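The primary structure of each chain is shown beneath.
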Amino acid sequence: MRRKKDWELRETHATPEAVFRTRRRFVSALGLGAVGGALGAAGLQQVTQARILPTKAFTDFRVNPEFVDVGRALTREDKVFRFNNFYEFSLDKRAPIRLCRNFKLDPWKLQIDGLVKKPITLDLDDIRKMGLEQRVYRFRCVEAWAMTLPWMGVPLSSLLALAEPLAEARFISMTSFFDPSIAPRQNSSASPWPYQEGLTIAEAMNPLTFAAVGLYGKMLQPQNGAPFRIVTPWKYGFKGPKSVVKIRLLRSQPSTFWNSLQGQEYGFYGNVNPHQPHPRWSQKREALLGEWGRRVATEEYNGYGRWVADMYSGNEY
Ligand code: MTE
């Protein structure tokens, strides 16, 4: 029997269902769901051996001393490069490294517009010239797996400041690339492409919110969201869009990819909260990518409450 390729998955309005099944299988594999999964407990560890593309090393960055030790070892680099959620390419976490091989956003531009005094367009060099820093952050996926990553980039607030936000701006939307010629799943209208996420303006300006262009001292791998990605370590990973081309400052809350697909399951805020189970699994514990069988307690705001808790009343979902 011919095995269907990833991009041949039937999509109709079953996309949420397909994603649901992938997530369910995955969470089951971690032993966090109610039933045993087809992927098996080895799923998190046995990633593809596909070749990792060499990306350019950054030599010109400073290590931010405030974000060096998060009480966990860094996740093994090859695991981070070979196990990805990049739904524009595939629902299979082992496929993006292969399918992103020809993914070039070059020349790439980031546009910042909307409620700003000076709409601007930046490229990677403009961001590098701002002075890159390295920050080690915890990363927690809504599917109950976690990593520890050394990102390189600049605070998002310093990018937004260049555009001079107007006082009426209350939210930002962040939009990922759209190119169905290289991202097979963008050929289907069953999902609301391009991938879009949103933050309140306070969240966007929070000192933790990071605009990343690198990982492990090198430019981002395509499958990790090259050339530019947003990182909000106190939120579930889906709140950090990859390969962002536009940030727009807005008066009202933007619609977002996961929230519009499955609003009951993926709230606008997506703050890490062990006391609020996902409708289909507990969020109390997380499995560490690359650390066989190791599961640890999940912390409120992923351990970043001291930076972010004052932005919330505690009921945000
Ligand atoms: N951004 C885009 N454009 N497309 C995606 O599918 N997946 C999100 C987030 N950003 C996603 C995205 C989810 S669900 C997670 S967990 C992380 O990216 C995964 O990042 P990683 O593959 O680098 O681990």
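Per chain, the residues get numbers from 1 upward, laid out in the order the sequence is written. Note on the predicted model: pLDDT of at least 70 is required for a residue's local features to be given, and 80 or more for side-chain atom pairs to be given and counted; whole-chain, interface and lining totals, by contrast, use all residues. As a convention, hydrogens and water are excluded, and side-chain values are obtained from all of the structure's heavy atoms.

Caption draft 1: Layout of the overall build of the protein. Going along the chain from the N terminus, every DSSP run of H or I of four or more residues is numbered as a helix, and every run of E of two or more is numbered as a strand. A tally of helices and strands in the protein yields 8 helices and 13 strands. When accessible area is computed with a 1.4 Å probe and restricted to protein chains, residues below 20% of their type maximum are described as buried, those above 50% as exposed, and intermediate ones as partly exposed. Out of the 317 residues in the protein, the part that is buried amounts to 56%. For the protein, long-range pairs separated by at least 24 residues make up 73% of all intrachain contacts whose partners lie at least 6 apart in sequence. Methods summary: accessible areas were calculated by the Shrake-Rupley approach with a probe of 1.4 Å, and residue burial reflects only the protein chains presented. Entry remark: accessible area of the protein is about 13900 Å², with carbon and sulfur atoms responsible for 52%. Any two residues whose heavy atoms approach within 4.5 Å at even a single point are treated as in contact.

Caption draft 2: Quick look at the environment of Gly 237. The topology assignment puts Gly 237 in the loop between β10 (229-231) and β11 (244-250). Between the C-alpha atom of Gly 237 and that of Asn 85, which follows or precedes it by 152 residues, the distance is 9.4 Å. Sequence-distant contacts of Gly 237, defined by excluding residues within four places in its chain, comprise Phe 139, Arg 140, Cys 141 and Val 142.

Caption draft 3: A look at the pattern of salt bridges. The rule for a salt bridge is simple: a side-chain nitrogen of Lys or Arg has to be within 4 Å of a carboxyl oxygen of Asp or Glu. Counting across every chain of the model gives 18 salt bridges. The residue Arg 140 makes a salt bridge to Glu 286 at a minimum N-O spacing of 2.9 Å. Of this pair, Arg 140 sits in strand β4 (residues 132-140) while Glu 286 sits in strand β12 (residues 285-288); the two residues are 146 residues apart in sequence, bridging distant segments of the chain. For the pair shown, Arg 140 and Glu 286 are each scored as buried. Among the charged side chains, a salt-bridge network with shared partners connects Arg 62, Glu 133 and Arg 135.

Caption draft 4: Local environment of the pairing of β12. Across 2 bridges, the pairing between strand β5 (residues 145-155) and β12 is parallel. Bridge pairing in β12 places Trp 145 opposite Ala 287. Note: β12 against strand β13 (residues 295-297), 3 bridges, orientation antiparallel. Note that in β13 the partner of Arg 285 across the bridge is Ala 297. By definition, two strands form a pair when at least two bridges between them are found by DSSP. Where β12 hands over to β13, the hairpin turn is made up of 6 residues, of which Gly 290 adopts a positive phi near 85 degrees.

Caption draft 5: Local environment of the site of the ligand. In the vicinity of the ligand there are 19 residues, among which Tyr 87, Glu 88, Arg 229, Gly 240 and Lys 242 approach most closely. Tyr 87 has a polar backbone atom sitting 2.8 Å from an oxygen atom of the ligand. Two N or O atoms form a polar contact when they lie within 3.5 Å of each other; inside protein one atom must be a possible hydrogen donor and the other a possible acceptor, and for residues adjacent in sequence the pair counts only when both atoms belong to side chains. In the model, an oxygen atom of the ligand is placed 2.7 Å from a nitrogen or oxygen of the Arg 229 side chain. Computed on the free molecule, the ligand has an accessible area of 540 Å², of which 99% lies beneath the protein chains in the complex. Only protein atoms enter the calculation, which uses a 1 Å grid: trapped sets of points that fit a 1.4 Å probe without letting it out are cavities, open sets showing protein on both sides within 12 Å along at least five of seven lines are pockets, and any residue with an atom within 4 Å of a point is a lining residue. Assignment to a cavity or pocket requires that more than half of a molecule's atoms be within 2 Å of the site's grid points. More than half of the atoms of the ligand fall within 2 Å of the grid points belonging to the largest cavity. Its residues assigned to classes, the shell around the ligand comprises 9 nonpolar, 6 polar and 4 charged. Whether a residue is near a molecule or strand is decided by its heavy atoms; if any one of them lies within 4 Å of it, the residue is near. Residues were grouped as follows: Ala, Val, Leu, Ile, Met, Phe, Trp, Tyr, Cys and Pro as nonpolar; Asp, Glu, Lys and Arg as charged; and all remaining residues, including Gly, as polar.

Caption draft 6: Up close: the sheet that holds strand β7 (residues 196-200). With mixed pairing, 5 strands are arranged side by side in an open sheet as β3-β2-β11-β6-β7. Pairing within the sheet leaves two strands with one partner each, and these edge strands are β3 (120-122) and β7. Adjacent strand axes in the sheet meet at a mean angle of 15 degrees, parallel and antiparallel pairs treated alike. Relative to β11, strand β6 (residues 171-176) runs antiparallel, the two sharing 6 bridges. What sits directly across from Thr 175, in β11, is Lys 246. Here helix α5 (residues 156-163) sits on the sheet in contact with β2 (110-114), β3, β6 and β11, set at roughly 135 degrees to β3. Note on geometry: axes are lines fitted to C-alpha atoms, helical ones only across the stretch in contact, with angles between N-to-C directions running from 0 to 180 degrees.

Caption draft 7: Region of interest: the nonpolar core. The biggest cluster of nonpolar side chains holds 44 residues, and the ones touching the most others in it are Tyr 137, Leu 149, Trp 151, Leu 208, Leu 215 and Trp 258. Secondary-structure elements contributing two or more residues to this core are α2 (77-82), β4, β5, β8 (210-215), α7 (257-261) and α8 (305-308). The biggest single contributor to this core is β5, with 4 residues. One finds Trp 108, Ile 127, Ala 211 and Ile 247 within the second-largest nonpolar core, a separate group that totals 30 residues. In plain words, nonpolar cores are sets of buried Ala, Val, Leu, Ile, Met, Phe, Trp, Tyr and Cys residues tied together by side-chain atoms within 4.5 Å.

Caption draft 8: Summary view of the packing of aromatic side chains. Pairs were defined over the aromatic rings of Phe, Tyr and Trp, the Trp ring being its six-membered one, requiring ring centres within 6.5 Å. Orientation was assigned from the angle between planes: stacked under 30 degrees, edge-to-face over 60, tilted for the rest. Inspection of every chain in the model, using the stated rule, returns 25 aromatic pairs. With centroids separated by 5.4 Å and ring planes inclined at 75 degrees, the aromatic side chains of Phe 67 and Tyr 137 adopt a geometry described as edge-to-face. Here the residue Phe 67 occupies a position in the loop between β1 (61-63) and α2, and Tyr 137 occupies one in strand β4, the gap between them amounting to 70 residues. Judged by relative accessible area, Phe 67 falls into the buried class, the value being 6%. What makes Tyr 137 buried here is its relative accessible area of 0%. On the numbers, 6.1 Å between centres and 75 degrees between planes, the contact of Tyr 137 with Phe 210 is edge-to-face. Taken as a pair, Tyr 137 in strand β4 and Phe 210 in strand β8 lie far apart in primary sequence, 73 residues in all. The exposure class of Phe 210 is buried, given its relative accessible area of 0%. Lysine NZ or arginine CZ positioned within 6 Å of the ring centre and within 35 degrees of the ring normal marks a charge as sitting over the ring. A cation over an aromatic ring shows up here: Lys 239 above the ring of Phe 268, its NZ or CZ 4.3 Å from the ring centre. We note Lys 242 situated over the ring of Phe 86; from NZ or CZ to the ring centre the distance is 4.6 Å.

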